[in-house]
Amino acid sequence: MLKVMLVDDEPFILQGLQIVIDWEAEGFEIAAVMSNGRDALEYLKKNKVDLIISDIQMPAMTGLELLEAIRKDNVSDARFVILSGYDNFAYTQKAIRNDCTDYILKPVQAEDLLHVVRNVSSLKEKDREEAEKRQEFEEAFLARNIIALLKGKYDDSNLEYVNHHLQLSGGVRYVDIEIEASVLDFDSEEDDSDRRLLQKQLLAACRDIMRENEGHFIFDVSYDEKSYDVGFIYCDNMAFRHDLDENVFLENFAKKLEGIVRKPVRIICGKKVPSVSAVSKSYSSCCMLNSIIGFHDRKSVYIYESEAQLEKENNAVLCKQSLDAVLSAIEKNDKAEIDSSVESLYSEMQKLGGNTINLNINYLLFQLIHLAGEQDNEVNQEEVVQYITESSFEESVNRGGLEHMKRFAGEYAEYLMNLRKNVSHGILADIEKEIKEHYAENIRLRDLGEKYFMNSSYLGQIFRKKYNQSFKDYLTTYRINVAAKELVRTDKKINQIAEEVGYRDSDYFIRKFIEINGCTPSKYRKKNREN
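Per chain, residues are indexed from 1 in the order of the written sequence. Per-residue local features of the predicted model are confined to residues with pLDDT of at least 70, and side-chain atom pairs are confined, for both listing and counting, to 80 or more; whole-chain, interface and lining totals are unaffected and use all residues. Only heavy atoms go into the side-chain values, all of them from the structure, while hydrogens and water stay out.

Caption draft 1: Here's a closer look at the overall build of the protein. Strands are runs of DSSP state E lasting at least two residues, helices are runs of H or I lasting at least four, and both sets are numbered from the N terminus onward. For the protein, the helix and strand inventory stands at 23 helices and 10 strands. Only heavy atoms matter for contacts: two residues are in contact if any of them lie within 4.5 Å across the pair. Residue pairs at least 24 apart in sequence account for 69% of intrachain contacts in the protein once pairs closer than 6 positions are excluded. Surface exposure here means Shrake-Rupley accessible area, sampled with a 1.4 Å probe, where a residue is shielded only by the protein chains that are shown. Counting every atom, the protein has about 26700 Å² of accessible surface; 46% of that belongs to carbon and sulfur.

Written out as structure tokens, the structure reads:
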């Protein structure tokens, strides 16, 4: 409800204003009734209202003096309406100069007052919409500057803007917050909008819990199109303010998030850096940590220093010879040798015990990332990390166990072979043809990878490189473009066209059509036929 203040020194006028219209029906509540401008001004210094209706001639302080004082000292941003028994243009001019919204002559008629309050209600709605747009723009601009720092491609203006808008004190970490992948079905394209909605709910929950630092959260940072994540710039002061250990603070944060979104949440913390200017190193380490946690025990919070530590500790030993044998077998893509060398590595690790398994798996995965870079200089490290992340979540086998590692090592060997072959151009041409001929069918990248004997994750990477968008987005755009032509050229019903281009759910088709063309299919048809 919008709040209104009524100010007049004549009691019967105040009483009449309160009953002449149904304020509640118009979306207003009468917050205060004052008999002079001075009392009204004191009230406004401590309370917020949306509309002030004030008489001009009053003792202590006139309506015009009240208006001038409000505007001069920026006491209130409420809309101001002058109420007077004088049809005096000089009064009107003075009121307008001080940003008066309207001017009503006494005796007040219900129609005149209704016109004013409805106009104010409309203006307040426009103010709200503009404020939301400004906030969205400011959030997007801040996110853009933060992402420049995360990628390590920034200048002094980016750094200055981020430092000015974030509350940073002490060491800084980049933190990735996401819904557990195991609860999301990525084979169902129709659920993409639902997953995106869940991601927005996750962002809203983060900002609600951390209201004092809501600007520290960024939407959709991950390179991985299957990660519906929220980025977070964490600093030491956040836990310190609550007198909590960092890990306890983040564990509590994760529990609160899960209580709101009703889904298991995973928080991955990159290594701590001294300031936000070095946050790209924290972001990079967070990506690498994301790739190896699929081989570790599942929990809600992962911190780089404790999860990816490569120094010998707790009697852990690096099985260098066995690790080199596994790397060599993977590089040669020798299936038998891969299985044998992985078995030997696990046998040695189990004999040594302690923290040896985590230490050696981490070392192996980091070496595999570097190995991919040696095969193809154009390979982005984040792409390799994405591949490892996608390959690490095996629900049918124990995470980080022998069978899990055998399967992963064999698939990674194929991945490296594809990098060496550099077969992208011919296969992508074939895939373009597949889409053109079968766009209405359930085409999945995984099935295309099997058909052309290529790892689907690698296929997705080279597809993105060429078209600057994911396979899924390319297929969606192709389908929608075909549908757009059918809308203009035929009189087919919208649900029929949706089904013909591959969408059984017409509501989902309409949402995607609006995303790409900016209007509904029916409006698109009407506009283009008129043209």
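From this point on, the discussion continues.
Caption draft 2: Representation of helix α10 (residues 279-292). By definition here, a helix of n residues has an expected span of 1.5 Å times n minus one. Taking 1.5 Å of rise per residue, the 14 residues of α10 would be expected to cover 20 Å, and the 20 Å separating its terminal C-alpha atoms lies within 8% of that figure. Most of α10 is tucked away: 11 of the 14 residues are buried. Those residues of α10 that fall on the buried side of the exposure criterion are Val279, Ser282, Tyr283, Ser285, Cys286, Cys287, Met288, Leu289, Asn290, Ser291 and Ile292. Note on classification: 1.4 Å probe, protein chains only; a residue is buried when its accessible area is under 20% of the maximum for its type, exposed when over 50%, partly exposed between these limits.

Caption draft 3: Local environment of the pairing of strand β8 (residues 229-235). The buried count for β8 comes to 7 of 7 residues, which makes it a mostly enclosed element. Here 7 bridges tie strand β6 (residues 172-179) to β8, and the two strands are oriented antiparallel to one another. Each bridged residue has a counterpart across the sheet, and for Glu178 the counterpart in β8 is Asp229. Pairs of strands are assigned from DSSP output, requiring at least two bridges between the strands. In this structure, strand β7 (residues 217-219) lies alongside β8, joined through 3 bridges in antiparallel fashion. Each bridged residue has a counterpart across the sheet, and for Phe219 the counterpart in β8 is Val230.

Caption draft 4: Representation of the sheet that holds strand β1 (residues 2-7) within the structure. Strands sit in the order β2-β1-β3-β4-β5 across an open sheet of 5 strands; the sheet is parallel. Looking along the sheet, the strands with just one partner apiece sit at the ends: β2 (28-34) and β5 (102-105). Taking each pair of neighbouring strands and ignoring which way they run, the sheet shows an average axis angle of 20 degrees. In the sheet, strand β4 (residues 79-84) pairs with β5 via 4 bridges, with the strands oriented parallel. In the sheet register, Ile82 faces β5, and the bridge partner there is Tyr103. Axis definition: a line fitted to C-alpha atoms, over the contacting stretch in the case of helices. Angles run 0 to 180 degrees between N-to-C directions. Set on the sheet, helix α3 (residues 63-72) makes contact with β3 (51-55) and β4; between it and β4 the angle comes to about 165 degrees.

Caption draft 5: Representation of the pattern of salt bridges. Salt bridge, as used here, is a side-chain nitrogen of Lys or Arg placed within 4 Å of a carboxyl oxygen of Asp or Glu. For the structure on display, the rule yields 26 salt bridges. Glu26 is paired through a salt bridge with Arg118; the nearest N and O atoms lie 3.0 Å apart. Taken together, the residues Glu26 in the loop between α1 (11-19) and β2 and Arg118 in helix α5 (residues 110-150) connect sequence positions 92 residues apart. According to the relative accessible area criterion, Arg118 is partly exposed, its value standing at 48%.

Caption draft 6: Examining α5 more closely. Under the 1.5 Å per step criterion, the end-to-end length of α5 is 59 Å for 41 residues, consistent within 8% with the ideal 60 Å. What α5 keeps buried is the set Leu113, Val116, Val117, Val120, Lys124, Leu142, Ala143, Asn145, Ile146, Ala148, Leu149 and Leu150.

Caption draft 7: Summary view of unusual backbone geometry. Residue Pro107 follows Lys106 across a cis peptide bond; omega there is -5 degrees. Mapped onto the elements, Pro107 comes out in the loop between β5 and α5. For Ala60, which is not glycine, the phi torsion reads 75 degrees and is therefore positive. Structurally, Ala60 is set in the loop between β3 and α3. If you check the backbone angles, Asn74 has positive phi at about 55 degrees while not being a glycine.

Caption draft 8: Region of interest: the packing of aromatic side chains. To pair, rings of Phe, Tyr and Trp, with the six-membered ring standing in for Trp, must have centres within 6.5 Å; the planes then decide the type, stacked if under 30 degrees apart, edge-to-face if over 60, and tilted in the middle. In the structure shown here, the tally under the stated rule is 14 aromatic pairs. With 4.4 Å between their ring centres and 10 degrees between their planes, Phe217 and Phe232 make a pair best called stacked. Here Phe217 is found in strand β7, whereas its partner Phe232 is found in strand β8, with 15 residues between them in sequence. Both residues of the pair, Phe217 and Phe232, count as buried. By way of ring pairs, the aromatic residues Phe217, Phe232, Tyr234, Phe249 and Phe253 are connected into one cluster. A positively charged side chain is recorded as over a ring if its NZ (Lys) or CZ (Arg) lies within 6 Å of the ring centre. The angle to the ring normal must also be within 35 degrees. Above the ring of Tyr503, the side-chain terminus of Arg479 is found at 5.1 Å from the ring centroid.

Caption draft 9: Structural context of the sheet that holds β7. Strands sit in the order β7-β8-β6-β9-β10 across an open sheet of 5 strands; the sheet is mixed. Single-partner strands in this sheet number two, and they are β7 and β10 (301-303). Mean inter-strand twist for the sheet, computed between neighbouring axes without regard to direction, equals 20 degrees. Pairing between β6 and strand β9 (residues 265-269): 5 bridges, direction antiparallel. Bridge assignment links Val175 to a residue of β9, and that residue is Cys269.

Caption draft 10: Representation of the environment of Val482. Along the chain, the position of Val482 falls in helix α20 (residues 471-489). Here the alpha-carbon distance between Val482 and Tyr439, two residues 43 residues apart in the chain, equals 9.4 Å.

Caption draft 11: Molecular detail of the environment of Asp77. You can see Asp77 is positioned in the loop between α3 and β4. Two N or O atoms count as a polar contact when they lie within 3.5 Å, although within protein this holds only if one can serve as hydrogen donor and the other as acceptor, and sequence-adjacent residues are included solely when both atoms are side-chain atoms. Polar contacts involving the side chain of Asp77 include one to the side chain of Lys48, which spans 3.2 Å.

Caption draft 12: Molecular detail of the packing of α5 against helix α6 (residues 156-165). With their axes 9 Å apart at the nearest point, α5 and α6 run at an angle of 120 degrees to one another. Taken together, the axes of α5 and α6 lie oblique to each other. The two elements α5 and α6 cross, and the hand of that crossing is left-handed. Each of Glu138, Phe141, Leu142, Asn145, Ile146, Ala148 and Leu149 in α5 lies in contact with α6, whose residues at this interface are Ser157, Asn158, Leu159, Tyr161, Val162 and His165. The residue classification treats Ala, Val, Leu, Ile, Met, Phe, Trp, Tyr, Cys and Pro as nonpolar and Asp, Glu, Lys and Arg as charged. All others, Gly included, are polar. Here the residues of the contact of α5 with α6 sort into 8 nonpolar, 4 polar and 1 charged. Geometric relationships in this document are graded by angle, where less than 35 degrees denotes roughly parallel, more than 145 denotes roughly antiparallel, 65 to 115 denotes roughly perpendicular, and other angles denote oblique. In this scheme the handedness of a crossing depends on how the near helix is turned from the far one: anticlockwise by less than a right angle means left-handed, clockwise means right-handed.

Caption draft 13: Region of the structure containing the side chain of Ser285. Assignment of secondary structure puts Ser285 in helix α10. One polar contact links the side chain of Ser285 to the main-chain amide nitrogen of Lys271, over a distance of 2.8 Å. From its side chain, Ser285 meets the backbone oxygen of Ser282 in a polar contact 2.8 Å long. Not counting residues within four places of it along the chain, the set of residues in contact with Ser285 comprises Gly270, Lys271 and Tyr304.

Caption draft 14: Main features of the pairing of β2. Bridging between β1 and β2 involves 6 bridges; their strand directions are parallel. Looking at β2, one finds that Leu6 is bridged to Val33. By definition, the crossover connecting two strands over a helix is right-handed if that path, from the first strand to the second, turns clockwise as seen with the strands pointing away from the viewer. Following the backbone out of β1, through α1 and into the adjacent parallel β2, one traces a crossover that is right-handed.

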